[in-house]
Amino acid sequence: MASITKFGEKWRAQIKIRGNRASKVFCTEEDAKGWASQYEARALRRAELRELVEVGAGLPNFPERILQAMADAPLSRSEILGAAIPTSVICGIYFLIKRDRIVYVGQSKNVLRRIARHIDDGREFDRFTISPCKEEDLDRMEATYISALYPDQNVMLGKAA
């Protein structure tokens, strides 16, 4: 667990993991928190890798490339699992984003399939996000978001695509 404290005009991040300590001073609190978060994630990844090595190293012909790939991966196994979206979450409102602007709001009973269709149709966006929602609430929620956000690519309320 990291602690972030004011250190004169700067910010110090301190971490102690399994008896090992690390600290670093930053100009902003945000930078200190970011470093601490990355350091903790790397420590967790190393612990997971050690566990894998302990299990796998005893096996004949355990591939070294797997160990290297685990070490090089930008996300740890627990980070990936923590961000996973359950397959039951396919009904909802989705937001297509381009250059930090929400350009389209849509709804679908199968959001991932609908987003794939937008890609195939050439709709321009570089990211998306999903808000799960009950099927009976789709129309109301979509209209609410379109009214609130007024995205460029939606045809509603007199706005042309």
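> Before we go on, may I ask you to explain the nonpolar core in this structure?
When a protein is soluble and globular, its nonpolar side chains tend to lie buried together. Listed in full, the 10 residues of the largest apolar core are W11, A13, I15, I17, A22, F26, A32, W35, A36 and A43. When residues of this core are traced back to their parent elements, those giving at least two are β2 (10–17), β3 (20–26) and α1 (29–56). Setting aside anything within four residues of it in sequence, one finds I17 in contact with Y39, E40 and A43. Within the second largest apolar cluster, 8 residues are counted, among which are Y94, V103, V111 and F125.

> Help me understand helix α4 (residues 111–120) in this model?
Because an α-helix packs 3.6 residues into every turn, residues spaced three or four apart end up facing the same way. Among the residues of α4, V111, I115 and H118 are the ones counted as buried. The arc that holds the buried residues of α4, viewed along the axis, is 50 degrees, so those residues lie on one side. Seen from the open side of α4, the exposed residues pointing more than 90 degrees away from its buried face are R113, R117 and D120. Two residues or fewer after α4 comes G122, characterised by a positive phi angle close to 85 degrees.

> Sorry if this is basic, but what is going on with the sheet that holds strand β4 (residues 92–98) here?
Pairing between the strands of a sheet comes from backbone hydrogen bonds, and it takes one of two forms, parallel or antiparallel. Across the sheet, 3 strands lie side by side as β5-β4-β6; this open sheet has antiparallel pairing. On the outer flanks of this sheet lie β5 (101–108) and β6 (127–132), each paired with one strand and no other. Between one strand axis and the next, the sheet turns through 20 degrees on average, direction left out of account. Pairing of β4 with β6 involves 6 bridges; the strand directions are antiparallel. Each residue of the ladder has a partner; that of G92, found in β6, is P132. The strands that α4 touches are β4, β5 and β6; relative to β4, the one it contacts most, it runs at about 30 degrees. Those strands touched by helix α5 (residues 138–149) are β4, β5 and β6, and its axis lies near 170 degrees from that of β5.

> Please clarify how the sheet that holds β2 should be interpreted in this entry.
The strand order across the open sheet built from 3 strands is β1-β2-β3, with neighbouring strands paired in antiparallel fashion. Of all the strands in the sheet, the pair left with one neighbour each is β1 (2–7) and β3. Strand-to-strand twist in this sheet, taken as the mean axis angle between neighbours without regard to direction, amounts to 20 degrees.

> Even after reading the chapter, I still don't get the environment of A41, so can you show me in this structure?
Locating A41 in the fold gives a position in helix α1. Distance in space between the C-alpha atoms of A41 and E79 is 8.1 Å, their sequence separation being 38 residues.

> Would you take a moment to explain the side chain of K98 for this structure?
Structurally, the position occupied by K98 is in strand β4. Here E124 takes part through its side chain, which lies 2.4 Å from a polar atom of the side chain of K98.

What counts and how
- Residues numbered from 1 in each chain as written.
- Predicted model: local features only at pLDDT ≥ 70, side-chain atom pairs only at ≥ 80, totals over all residues.
- Heavy atoms only, no water.
- Core = buried A, V, L, I, M, F, W, Y, C linked by side-chain atoms within 4.5 Å.
- Buried < 20%, exposed > 50% of the residue type's maximum accessible area, 1.4 Å probe, protein only.
- Helix = DSSP H or I, 4+ residues; strand = E, 2+ residues; numbered from the N terminus.
- Contact = heavy atoms within 4.5 Å.
- Arc of directions from axis to C-beta.
- Pairing = 2+ DSSP bridges.
- Axes fitted to C-alpha atoms, helices over the stretch in contact; angles between N-to-C directions.
- Polar contact = N/O pair within 3.5 Å; in protein donor to acceptor, adjacent residues only side chain to side chain.

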